[in-house]
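These are the residues of each chain, in order.
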Amino acid sequence: MNKTIWKNTFREIKSSLSRYLSIFAITALGVGFFAGITASPYSMRYSADNYYERLNLADFRLVSIFGFDQDDVQSIKELNFDKIIYPAYYCDMFLHRGEQEDTVRVMSLPDGNDFPLNKIEIVAGRLPENPNECIVDMRWYSPDRDTIIGETITLSHGSKDGDVYDVLANDTYTIVGIIRTVLFPSDDTRGHTNIGAGVISYAVFIPEVNFTLDKYTEIFVLFDELREYLSYTDDYTNAAELIEEHLDELGKQRIAGHVDDIIEEAYDELNKAEQELADAKKEVEEELNDAKRELDEGKQELDKAKELLDEAWIEIEQGWEALYKAQAEYSSEIRNGEWELIFNREEMVQAELEYEAAVMMFGEEMLFQTRMELDYGWAMLLQGEEALEAARVEGRRELDNASALLDEPMTELKEGILEYEQGLADYEQGLLDYAEGEREAREKLAEADEEIAQAHADLAKLIDDLNDLPGWFIFNRDGFPGYSEYGENADRVASIARAFPLFFLIVAALVCSTTVSRMVEENRVQVGLFKALGYSSSTIIFKYMFYAVSAAVLGSIFGILVGMKLFPYVILYAYQMMYNIPDMLMPYDLRLAIISLTASGGLIAAVVYISIRKELSERPAQLMRPKAPKKGKRVFLEKIGFVWNRLSFSSKVTVRNIFRYKRRMLMTVIGIAGCTALMLTGFALRNSVGDIAELQFKKIILNDGWTYIDHEMNNEDKARLEAVFSEYGGELIYAMEKMMVCEKDNQHIKFIMAVVKDEQADKFGEYFTFTNRLTGEEYSLNENGAIITEKLAKLLDIDVGGEAVISRSETEKVRVIIGGITENYTMHYIRMTESKYYELFGEMPEYGVAFFNGVAVEDNDELAARLLNEELVFGTVFMSDFAGGFDDMINMLNLVIIILVSAAGTLSLIVLYNLTNINICERIREIATLKVLGFYDVEVDMYIFRENALLTLMGTGFGLFGGIYLSRFIIQTAEVNDVMFGREIHPLSFILAALVTIAFSTMVSAFMHFYLKKVNMAESLKSID
Amino acid sequence: MGFITLSDVRKTYKMGEVSINAADGINFQIEKGELAMILGPSGSGKTTVLNLLGGIDVNDGGSITVDGANISEFSRREMITYRRHDVGFVFQFYNLVQNLTAKENVELAAQTSRDYIPADEILEQVGLSDRAGNFPSQLSGGEQQRVAIARALAKKPKLLLCDEPTGALDYDTGKMILQLLWDTCKKAQTTIIIVTHNSAIAPMADRVIKLKNSKVSRELINQRPTPVSEIEW
């Protein structure tokens, strides 16, 4: 390499600076775009990582159903890693601020506002100095950001019967500052909760002293070991997983310890209850026995009394018998006496009569004796009569006395009998009462027994459940609200970066190659001269190599320097609209820079070599002669007379010229087609992403939303739930939605298994669209069986009739025959009926979701809050809330797309400019000749630009056509696994892409017009060199 | 005033810091229907004169009158119109559009004119009827130059300017072209100016203007031009 060659080379650069610059510009643009876009996801992760590290974002957040005591904290401290532990309190509550009620996460501010982890940054105001001051993590765009400081807020407990003072010592605070916390990198989400409408609006930090809880509610841990890894990278994830295993292990142990305590306590209680029951049983038995004994005793007494009564009865009977006998005797004696007296009287009377008769006959004296005897007889009779009377009275009296004597015991006896009968009745009642009492007591005891048994069962279940406890709930960073979304966005940019700029680079390389080969062609005389002067081929090659490669390398360096700052900056800026990540770092990715440099330099060197090789093979003499101008040729079109003859003269010229410079035509068409395709892809990408929300939420999901319910809800609960919905005019379908995993080539893809009852399967079609996007076939769960969503089918590479392999565990796989592939854009689903599910999995589905439809409600939160009041409802999601989230994503993609489109536009501008420039340079004589021939400026312009216009149109046409495939490819690449982008390209996108290309082409033409105007006609006089 | 009058025409080219006087007060006249020849060695200013006459360049000083119009005062557009309708140009290297057939090359010029000779007719005049459909690359140099002349003549120019028309041709062909030009001049009464460094062909001209150091060194009127067939070089 002697001095002259160097001089010559630098002169060459100087004299053809525009060409040098055009190589520089094209490589700068191509490499800048490639390196910039490729570096963007790295910048995103790097910036985020820097922010996280700066503010000590925890690697893990631990939550335990038992809370954390000092022993738990200590146990983490003892883990064999360098770490920072930050135990804290939080509670989700309602915040009242004026009329407004927000669902917030109340978090503790450590003493001295010194966060060991998850540091905060003040956006406005100051940190709390008093216990009754608070700071809020408001979203950036909050409209009352400026007035909120100084406002007083009140906190109330999340559940209706909960008391805020159970958790906090104070419920009223003054807002003194607005802060940003690294814990919530996304503007869009603060996570979910089980109170209110289920979504946390923002976080409120209050001094720790306000919390009256005896256990910490969460622990944040940061591991020094993980600091060295860049967030969102596999390295970080893998390292974090290893540590997570340790935490998990520890959590299980700690929870097991707590569980043992709990179980012991429960056992104690149960034992006590059992003891109590046993005591109660004994007491009841005793009481019953006493009662029985008393009854028996009463019975005995009664029996004795009965005996006595019977005896008395017999005695009285006997008495009466004797009395009756005596009476009978008395009566017969009296009657006998009476009869005797009557006899005696009659005898006396007879005797009197005889005496009278005898007196008459014998006179009285003779008869004195007799008289005497008679009187005595009378006296005796009277006496007898008197005696009888006396006996009668005496007998009667005696009898009466006897009778009276008998009457008293008789009454007594009667009373005794009555008493006895009463006693007997009482006894019988007692017996009945006793039986009743015994039954009741036994029933109660049985109930108690049952209760104990239930308690035993409950305890067993509790133990079961407790033993099933996974340990602590360990949230790695992916579980932090908004964290992983950012990573996914970086991935998305990365996947766009994978395909988009590469294409860009290729177009740039093509254009460069045209430029370089044109340069070599123009320099053929000089090449010949050098050759003739005896310079070696390598020296000559060096000159052009140096020329082109230096331009390309300088361009690449420029492109890298600018691109690696500019594109990441724009993308970071775009994502700042949604993420609170203030750090914007755009580190140079040296490896990528070297790759880009080497690639562009190597590519251009190859182009130079290929271009010049041909020239060098010619002899110097040949080279120094002007190269014969390209021959004119008839084109095939001329053979089609009826077309050719109809063309105007100028059109014929255009057509011939286009075919004359086939290579350039090809380059132009490819270049323009590439740019159009890129632009179409940009627009199509926007369509597709824009369409996701539209399609998924309007076309695919036809329901209004869903409610998470306890799958153990009984019919009564369900009826109540349904009543709430019917109040708003809506209806429900219960479904199971369960995250499952299916397998494909050792890859695990998560999806949602959705199951509905067979009889509701048809109705389910009104809640979700089951239609094949390509064939338009409509499916029904009852007829088609399992229906899989399109993206999942694609990921699994299965068609209708194929098998999806669902892995339930390492060993247990369930194979599902696919009955239909339905259009779907977000998440993956396999849906089937209950019977199908049972057939496959051998268990009944647990319906934990209720989809609702037809709900007419103005305020979603109102319905959500009402539903949360239902005990077994966990949360409600409204479709209308969902669609909004996508708008941010679309806005962001808009910016990305603007970058793509403007870059593609710039490229098309450069391509067209460059190619037109070459076109003009190659045909400078021809143009000069035309000018000498008196062509007006417009005519000269048209002579050249008619070709450009035609080529642009052709390029645009091919570009639109190719863009369909390119966008299809890019869209599929850019898609994250969980999402299927829309596949339709809107007509407007075609129109826009075409219009922008044509506009750029027109711009180039306008620019070239001035160039053409300046073409020196004297050129036409020069010899051909 | 002649048909073409140059009076005190000056033209200076600036090449960086150096100024070159390409025309340093040139004066001459050419009458209508004449075949004039401008002779001079390289750098004598003959191409400048040709450019100025052809409306390709504009003089800095003096005036150039063609058929009564001062073309040095023409606007850019007037200049194009002048080239379009009034001037025919024949180049040393023919400058045919490679992509057009002989006939089409003629048409290229003709289609811009208000009044033109049909391509077939003019091609017949230059004796190329049978090559009308051929591309320049399929024609010999002489044939190409004849096509170029046909192209220049098709629009019936007031003035035909020829820049070394025989420069790239062999002797016989050159003569043939000169003959054609002479015939054209005489038959169609077209004013023709031939610029050449080959003084051997000067005798065929009606008027010979010699340039030297950007000035007219000699101007002579040839009352009896030598027929082309007798010229040798």
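Shown above is the structure to which this text applies.
Throughout what follows, the structure given in this document is the object of discussion. Note on numbering: residues in each chain are counted from 1, in written sequence order. Here chains are named by letter from A upward and ligands by number from 1 upward, in the order in which they appear as written. The model is predicted, so local features are restricted to residues of pLDDT at least 70 and side-chain atom pairs to those at 80 or more, both for listing and for counting; the totals for chains, interfaces and linings are taken over all residues. Remark: hydrogens and water are excluded; side-chain values derive from all non-hydrogen atoms of the structure.

## Comments concerning the overall build of chain A
Heads up, the condition is: The helix and strand labels rest on DSSP assignments: H or I over at least four residues marks a helix, E over at least two residues marks a strand, and numbering proceeds from the N terminus. Summary of the burial criterion: residues with accessible area below 20% of their type's maximum are buried, those above 50% are exposed, and those between are partly exposed, where the area comes from a 1.4 Å probe applied to protein chains only. Any two residues whose heavy atoms approach within 4.5 Å are treated as being in contact. Note on areas: Shrake-Rupley, 1.4 Å probe, and residue coverage restricted to the protein chains presented here.
Tallying secondary structure elements over chain A gives 25 helices and 20 strands in all. The buried share of chain A, taken over its 1025 residues, is 50%. Of the contacts made within chain A by residues no fewer than 6 positions apart, 83% connect residues no fewer than 24 positions apart. For chain A, the accessible surface area stands at approximately 49,900 Å², while carbon and sulfur atoms represent 55% of it.

## Here's the deal with the packing of helix α3 (residues 102-110) of chain B against helix α5 (residues 141-154) of chain B
Two measures define how a pair of helices packs: the angle their axes make with one another and the distance between the axes. All names here are of chain B. The test is simple: Note on method: axes are straight lines fitted to C-alpha atoms, helices fitted across the in-contact stretch only, with angles between N-to-C directions ranging 0 to 180 degrees. In this scheme, roughly parallel covers angles under 35 degrees and roughly antiparallel covers those over 145, while 65 to 115 is roughly perpendicular and the rest are oblique. By definition, any crossing whose near helix is turned counterclockwise from its far helix by less than a right angle is left-handed, and any crossing with a clockwise turn is right-handed.
The geometry of α3 relative to α5 is characterised by a closest axis approach of 8 Å and an angle of 25 degrees between their N-to-C directions. In terms of orientation, α3 lies roughly parallel with respect to α5. Our pair here, α3 against α5, has a crossing hand that is right-handed. Of the residues in α5, those touching α3 at A102, N105, V106, A109 and A110 are V147, A150, R151 and A154.

## Remarks on the packing of aromatic side chains
The criterion, for reference: Centre distance within 6.5 Å is the pairing criterion for rings of Phe, Tyr and Trp, where only the six-membered ring of Trp is used; planes under 30 degrees apart are then read as stacked, over 60 as edge-to-face, and the remainder as tilted. Both a distance and an angle decide whether a charge sits over a ring: NZ of Lys or CZ of Arg must be within 6 Å of the ring centre and within 35 degrees of the ring normal.
The tally for this structure, following the rule as stated, stands at 37 aromatic pairs over all chains. Summarising the aromatic geometry, the rings of Y89 of chain A and F211 of chain A are spaced 5.2 Å apart at their centres and angled 15 degrees between planes, so their arrangement reads as stacked. Separated by 122 residues along the polypeptide, Y89 of chain A in the loop between β2 (83-88) and β3 (90-97) and F211 of chain A in the loop between β9 (202-207) and β10 (218-223) bring together distant segments of the chain. As far as the burial class goes, Y89 of chain A and F211 of chain A line up, both buried. Centroid distance F89 of chain B to F91 of chain B: 5.1 Å. Interplanar angle 15 degrees. Geometry classified as stacked. Among the aromatic residues, those joined into a cluster by ring pairs are Y51, Y52, Y232, Y483, Y486 and Y579 of chain A. Across the ring face of Y588 of chain A, the terminal group of K565 of chain A is positioned such that the distance to the ring centre comes to 4.7 Å. The ring of F768 of chain A is capped by R831 of chain A, whose NZ or CZ atom sits 4.4 Å from the centre of that ring.

## Quick look at the interface of chain B and chain A
Note the threshold: Once two parts are brought into contact, the accessible area they lose, counted with a 1.4 Å probe and summed over both, makes up the buried area. Any carboxyl oxygen of Asp or Glu that lies within 4 Å of a side-chain nitrogen of Lys or Arg is treated as forming a salt bridge with it. Counting of polar contacts relies on pairs of N or O atoms within 3.5 Å, with two restrictions inside protein: one atom must be capable of donating a hydrogen and the other of accepting it, and residues adjacent in sequence are counted only when both atoms are side-chain atoms. Gly counts as polar in this scheme, as do all residues outside two lists: the nonpolar Ala, Val, Leu, Ile, Met, Phe, Trp, Tyr, Cys and Pro, and the charged Asp, Glu, Lys and Arg.
Listed by partner, the interface residues are 31 residues for chain B and 32 residues for chain A. Carbon and sulfur atoms supply 60% of the area that chain B and chain A bury against each other, a total of about 3,000 Å² over both sides. On inspection of chain B and its partner chain A, the count reaches three salt bridges. Note that E939 of chain A is salt-bridged to R84 of chain B, the shortest N-O span being 2.4 Å. At the junction of chain B with chain A, the criterion picks out ten residue pairs in polar contact (both at pLDDT 80 or more). Looking at the side of chain B that touches chain A, the elements with two or more residues in it are α1 (46-53), α2 (76-85) and α3 of chain B. For the side of chain B that touches chain A, the leading source of residues is α2 of chain B, giving six residues. Among the residues forming the side of chain B that touches chain A, the class breakdown is ten nonpolar, twelve polar and nine charged.

## Let's talk about a nonpolar patch on the surface
Residue and element names in this part refer to chain A. To be explicit about the condition: Candidates for patches are residues over 30% relative accessible area with no salt bridge; among them, like charges are joined within 9 Å and nonpolar side chains (Val, Leu, Ile, Met, Phe, Trp, Tyr) within 5 Å.
A contiguous nonpolar surface patch, about 600 Å² in accessible area, is contributed by L554, I557, F558, L561, V562, L566 and Y588. Relative to the helices and strands, L561 resides in helix α10 (residues 537-576). On the accessibility criterion, L561 (43% relative accessible area) is partly exposed.

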